[in-house]
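Working through the structure, step by step
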Amino acid sequence: MFRKITEKFRNLKLRQRMLLVYAIGCFLPLLFVTFFMFNSSRNSLSEMQINNEKAKLEDGQEKIESDMHLAVELSERIYFDPLEQMIGVPVVGKNEDRLFDYRSFNKLVDYVREYYGNISSICVYVYPETVDHVDNKYFRLITDTIREKNWYLNTMSHPGIPSWSYLTDLGTGRRSIRLTRVLYTREYEEAGIISISLDSALTYDFVAGLDGFAFMTLNTRELVHTNFDLTEDEMSYISRIMEEKKTERFDFRDQSCFLSSVRITPRYSEDYYDIIVIRPYDEIDSTIRGTAARTIIPLLGGALVMTIAIIWLNSWFSRRIHALGTAMHKVVEKDYDTAETGIGDTKDEIYDLYTDMNKMVQNMQSLTEAAAEERVQKEQLYSRQKDVEFKMLATQINPHFLYNTLENIRMLAMINKEKEIEDISVRLTRLLRSSLEAGSELKTLAWEMDKVDCYLKIQEYRFGDRITATLSYDPEKAERYMIMPLVIQPFVENAYVHAMEDMDEGGRIDIKVETGSILRILIEDNGNGMSNEDLEKIQHSMNDFENLDRTHIGVVNVNQRIKLRFGEQFGVTIQSSEGTGTQVEILMPLIPVDNES
């Protein structure tokens, strides 16, 4: 039986194999994922609900603490002036105080309400000997009854430190938290007690709006607000739960619950407020189950869509496989017209196989055409390089005739004892011979420097003291390194002819050769320089390899020769500005004499 099943499976068609793979690879994992996501969603949503509860408490905590800090700040700066019978209050935004007559104390209350947000009222309790009389509700005498109050005793037991309690508003029946603190004069003498009450809505509405069982306590012992009927035994039980830190799951009113709480600690005070929320897990689970169930519906819808898509995709894939087989069969039969096989124009892997098959048929022709094109490109590149080199040999006169003429001039100068003419003739002959010797072969740096020196000596006879030229290089190193010939003279010639020919005095040309990691040649003059437009033109021509200069040997060809031979990282850089001179930098590789290539 097993052998028959194995044999049947081995002989399945591709379409049948794909359906089996889809069933095993898609539907079984989908069922597992659905089950896993349902449970994971329940856990995540439960944790999220608890975190949201905590975040809501922390937001309320931040708001309440902010307003309590304002009350503390106000209590720090308020004082009583017994001589003037005035209350001093700092002016908001200014470094000065404002005095209020205690007999019209309602003005102070209005001022505080305007600038201190959630501070609802302010009251001053003074000793009978401090003021003459009291006739308003915001300014009260400290009586024996008040001296027996807990808030009074706590305030006086910690002079200078804020004390917090709560006060019941007789009109609304709501409790509001309040700050009491010893009131001093400017001489830091006790004058009474300042009482600052915050708006009851700040805490009452916040606690009332919380979900679940919520309440607020002072110093863990006194109940301030609650949104449900809380007994003293229940309050003691919750306090014990918090102390034992068993807040994640405990029983409350016959329900499994979790507890979230925040502690509000006013600045400089030993008092604190706790806001506690108790939520039954059943409330969260009912919400979570509905939310988790809703996440399953898209999965089931997705499974249905996936089933339809799999059936369509399987049919479409099978048709394309059949079309590819038809095309390959035609190629085997040497029928290379495969355009009507039904493969379509969808750019998928099957189409790539079909395309590769056609490329195989045309491979020899493509390779032949590519090889021919490559040969043409190499010949064009070689031709361009030779064109640049041939420009170096271009001349308009017969060099042998010119040699003979220069030799006759030298002999006549020697007979007539004209040393300068004889010297010029010798140097000019050396320059002409160097132009014929120069070709594609590299020369030593010393050979190049000798030709530059000849040219400078000839120009020295012409310009005299008007132009001074310096040539700086290491003769010993110059014998050890090779250079492309006749790359310096065109720039020196330009400096003489175009930059400084009209100068009456003070002309200077500096030529410096550096042999570091590369060969660096600097040519600098203080001549007329070039305008930005002229400089841009010559820089463009230097790198325009499509339009090689075929008429003369110039600075453009020097750059092209270097780049064609050594690469784009080498070549000529020109900087110039009108009226300040020109700087030329030539970079070439450092080639030892025995490594010439």
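The structure reproduced in this document is the subject of the present report.

Some thoughts on the overall build of the protein
What the protein contains, in helices and strands, is 17 helices and 21 strands. When the 597 residues of the protein are sorted by exposure, 39% land in the buried category. For the protein, contacts bridging at least 24 residues in sequence account for 61% of all contacts bridging at least 6. Put simply, the protein shows about 35,000 Å² of open surface, and 52% of that area lies on carbon and sulfur atoms.

A few points about the sheet that holds strand β21 (residues 591-592)
Strand order in the open sheet made by the three strands is β14-β16-β21, with antiparallel pairing throughout. At either end of the open sheet lies a strand with only one pairing partner, and these are β14 (443-444) and β21. Relative to strand β16 (residues 481-483), β14 runs antiparallel, the two sharing two bridges. When the sheet's bridge partners are listed, T444 is paired in β16 with M482.

Overview of the pattern of salt bridges
Under the definition given, this model contains 16 salt bridges. Here R279 and E53 are joined by a salt bridge, their closest N and O atoms 2.7 Å apart. Residue R279 is found in strand β13 (residues 273-280), and its partner E53 is found in helix α2 (residues 14-77); the two are separated by 226 residues along the sequence. For the pair formed by R279 and E53, the shared burial category is buried.

As for helix α13 (residues 445-463)
Taking 1.5 Å as the rise per residue, α13 with 19 residues should run 27 Å; its terminal C-alpha atoms sit 26 Å apart, in good agreement. Downstream of α13 by a residue or two, G464 has a phi angle that is positive, lying close to 60°.

Some words on the pairing of strand β19 (residues 571-577)
The pairing of β19 with strand β20 (residues 581-589) spans seven bridges and is classified as antiparallel. The partner of T573 across the bridge, within β20, is E585. Between the end of β19 and the start of β20, which pair antiparallel, lie three residues, with G579 showing a positive phi angle near 90°.

About the criteria used
- Residues numbered from 1 in each chain as written.
- Predicted model: local features only at pLDDT ≥ 70, side-chain atom pairs only at ≥ 80, totals over all residues.
- Heavy atoms only, no water.
- Helix = DSSP H or I, 4+ residues; strand = E, 2+ residues; numbered from the N terminus.
- Buried < 20%, exposed > 50% of the residue type's maximum accessible area, 1.4 Å probe, protein only.
- Contact = heavy atoms within 4.5 Å.
- Areas by Shrake-Rupley, 256 points an atom, 1.4 Å probe, with all protein chains shown as cover.
- Pairing = 2+ DSSP bridges.
- Salt bridge = Lys/Arg side-chain N within 4 Å of Asp/Glu carboxyl O.
- Expected span 1.5 Å × (residues − 1).

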